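Examining the three-dimensional arrangement
Here is how the chains run, residue by residue.
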Amino acid sequence: MITAVLGKIFGREQRWSGPCTIVLDGEASIQALGTDSIIGGGAKQYAPRMVSGRILADAACLLQDGSALIALQQVRQRTPTGEETVKTFCTICDPNHVIAVEFDDTSILSSFGLAPPPIRPGGSHHGKVRTVV
């Protein structure tokens, strides 16, 4: 992705933004598709793992010179004693390998000088005909 576009999204002030999903052109993330467990006889059964280029970032920051995009992920883990711990993972991304950034709302559109599009009312849209001019 062009660094100028990332600068519009995250700003050049080195401020944290987020949450967002950063999509890289490499295999940067490994996620378990279930829970690991211990079966009969103490044998361990591991859940399948999925490798992807999607980083679910709780916060992201573009360095002022545009040389790196820093992504932070917080993962909650429960210990065998029932205690919950929070681990923070830091991923330093090369901006040249970022192919997309996803947000769960449209507030980012203002960075590009755009207003959010009109939203169709909820419910079924069966039978509606769209005319394209």
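Below: a short report on this structure. (Residues numbered from 1 in each chain as written. Predicted model: local features only at pLDDT ≥ 70, side-chain atom pairs only at ≥ 80, totals over all residues. Heavy atoms only, no water.)

Some thoughts on the overall build of the chain
The condition that has to hold: Only runs of H or I of at least four residues qualify as helices and only runs of E of at least two qualify as strands under DSSP, and these elements are numbered from the N terminus. Using a 1.4 Å probe on the protein chains alone, a residue whose accessible area is under 20% of its type maximum counts as buried, one over 50% counts as exposed, and one in between counts as partly exposed. By the convention used here, residues are in contact when the closest approach between their heavy atoms is within 4.5 Å. In this description, accessible areas are obtained by the Shrake-Rupley approach with a 1.4 Å probe, and a residue is regarded as covered only by the protein chains that are shown.
The helix and strand tally for the chain stands at 1 helix and 10 strands. Going from N to C terminus, the chain has its helices and strands arranged as α-β-β-β-β-β-β-β-β-β-β. Going through the 133 residues of the chain one by one, you find that 24% of them count as buried. Excluding contacts between residues fewer than 6 apart, the proportion of contacts in the chain whose partners are at least 24 apart in sequence is 56%. Of the roughly 9,600 Å² of accessible surface on the chain, a fraction of 56% belongs to carbon and sulfur atoms.

Brief notes about the pattern of salt bridges
Short version of the rule: Here, a salt bridge means any Lys or Arg side-chain nitrogen found within 4 Å of an Asp or Glu carboxyl oxygen.
Summed over all chains, the structure comprises 4 salt bridges. With its nearest N and O atoms 2.7 Å apart, the salt bridge here joins E102 to R54. Here E102, found in strand β10 (residues 98–102), pairs with R54, found in strand β6 (residues 54–57); they are 48 residues apart in sequence, far enough to count as distant. Among the residues examined, R54 registers a relative accessible area of 34% and is labelled partly exposed. Of the charged contacts, one joins R76 and E84 as a salt bridge, the two residues approaching to 3.5 Å between their closest N and O atoms. Residue classification places R76 among the exposed positions, given a relative accessible area of 58%. Salt bridges here are not isolated pairs; linked through shared partners, they connect R76, R78 and E84.

Remarks on the sheet that holds β6
To keep things clear, this is the line we draw: Two strands pair if DSSP finds at least two bridges between them. Interaxial angles span 0 to 180 degrees and are taken between N-to-C directions of axes, which are lines fitted to C-alpha atoms, for helices over the stretch in contact.
Pairing is antiparallel across the open sheet formed by 3 strands, whose spatial order is β6-β1-β10. Two strands close off the open sheet at either side, each with one partner strand: β6 and β10. If you compare each strand with its neighbour and ignore which way they point, the axes differ by 20° on average. Sheet topology note: the strand β1 (residues 20–24)/β6 ladder contains 4 bridges and is antiparallel.

Quick notes on the environment of Q74
One can find Q74 in strand β8 (residues 69–78). For Q74, a relative accessible area of 45% puts it in the partly exposed group. With 16 residues separating them along the chain, Q74 and D58 place their C-alpha atoms 6.7 Å apart. Excluding anything up to four places from it in sequence, Q74 contacts D58, V86, K87 and T88.

Remarks on the environment of C93
Here C93 shows up in strand β9 (residues 84–93). Taking the relative accessible area as the measure of exposure, C93 reaches 3% and is therefore buried. Separated by 25 residues in the primary sequence, C93 and A68 place their C-alpha atoms 5.6 Å from one another.

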